[in-house]
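Chains, contacts and geometry: an overview
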Amino acid sequence: MPEKVYKPARGLFRHKQFREEGVGEEEHIPSLVSPHVSEEDFYQPFADWLVNELEECTKAIPLGGNKFKDKWGTPDVIGIREPRKSDIIKPSTEIVSVEVKLDAANLITAFGQACSYKLFSHKSYVVIPSDSLEEDIARLDALCRIFGIGLILFDRTKPEAPDFEIRVRAAKHEPDMFYTNKYMRFVEEDLF
């Protein structure tokens, strides 16, 4: 009934008699990405940034696809933080999982995937375009702080220099070791 109802925001429908001045339909998120740029183009640069800049991992690899063969999904990047030989007190090994989203319209999906990775990871990050709607970034920022998920912004137009920027650092928690061992078997040779 478009003659009687309008959609001011995702999931919200309002009768047109209650329309506020200057409030229109839900804002469209333009695609600024070249058709030649894919999400996979950012996996290795982020894996490198996770090790060299953020120093969350001692080793990280791009993964993606359906490597874990499970409906809960496979992280786009996975890393480990192992104790170094020079460490006097040796911490236990930690697993870090990352979900990268190129499409700013799928931010809630990325957040949900990052939540599911907490099942088998000590830390989980979501990596989203910095040109996403500011309202969406603010909501995702708040959710990430509540759930202990890290939030990273990046320039989706430049795979060669994505300028990753940390917004929220992931909080460490203890995953379910049954699932951690189940999924790490799929990447044991590449990651350990």
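Reading the values: rules and limits
- Within any chain, residue numbers begin from 1 and follow the written order of that chain's sequence.
- For a predicted model such as this one, the threshold for reporting local features is a pLDDT of at least 70, and the threshold for listing and counting side-chain atom pairs is 80 or more; totals across whole chains, interfaces and linings nevertheless cover every residue.
- Heavy atoms throughout the structure, all of them, feed into the side-chain values; hydrogens and water do not.
- In this analysis, rings of Phe, Tyr and Trp, with Trp reduced to its six-membered ring, are considered paired at centre separations within 6.5 Å, and the interplanar angle assigns stacked below 30 degrees, edge-to-face beyond 60, and tilted for intermediate values.
- Note on conventions: DSSP H or I runs of at least 4 residues are helices, E runs of at least 2 residues are strands, and numbering of each starts at the N terminus.
- Categorising residues by exposure relies on relative accessible area from a 1.4 Å probe, with only protein chains included: less than 20% of the type maximum marks a residue as buried, more than 50% marks it as exposed, and the intermediate range marks it as partly exposed.
- What counts as an axis is a line fitted to C-alpha atoms, over the stretch in contact for a helix, and the angles between N-to-C directions run from 0 to 180 degrees.
- For classification purposes, an angle smaller than 35 degrees is called roughly parallel, one larger than 145 roughly antiparallel, one from 65 to 115 roughly perpendicular, and anything else oblique.
- Here, residues are in contact when the closest pair of their heavy atoms is within 4.5 Å.
- Amino acids are sorted into nonpolar (Ala, Val, Leu, Ile, Met, Phe, Trp, Tyr, Cys and Pro), charged (Asp, Glu, Lys and Arg) and polar (every other residue, Gly among them).
- Pairs of strands are assigned from DSSP output, requiring at least two bridges between the strands.

**Re the packing of aromatic side chains**
This model, assessed by the stated rule, comprises 13 aromatic pairs. Between the aromatic rings of Phe111 and Phe147, the centroid separation amounts to 5.6 Å while the plane-to-plane angle is 70°, which identifies the pairing as edge-to-face. Here Phe111 is found in helix α2 (residues 107-117), whereas its partner Phe147 is found in helix α3 (residues 134-147), with 36 residues between them in sequence. Among the residues examined, Phe147 registers a relative accessible area of 40% and is labelled partly exposed. A centroid spacing of 6.4 Å and a plane angle of 25° characterise the contact between Tyr179 and Tyr183, whose relative ring orientation is stacked. In this pair, Tyr179 and Tyr183 are both assigned in helix α4 (residues 177-191), 4 residues apart and thus about one turn of the helix distant.

**Looking at the packing of α2 against α3**
With their axes 11 Å apart at the nearest point, α2 and α3 run at an angle of 10° to one another. Relative to α3, α2 is oriented roughly parallel. Counting all contacts with α2, which are made through Leu107, Ile108 and Phe111, the residues of α3 involved are Asp136, Leu140, Leu143, Cys144 and Phe147. Here the contact of α2 with α3 is built from residues that sort into 7 nonpolar, no polar and 1 charged.

**Structural notes on the sheet that holds strand β8 (residues 165-168)**
Overall, mixed pairing links the 6 strands, which are arranged β3-β4-β5-β6-β7-β8 in an open sheet. Looking at the sheet topology across the chains shown, the edges are occupied by β3 (59-62) and β8. Taking each pair of neighbouring strands and ignoring which way they run, the sheet shows an average axis angle of 25°. Along the sheet face, α2 touches β5 (94-100) and β6 (123-129) and points at about 165° away from the line of β6.

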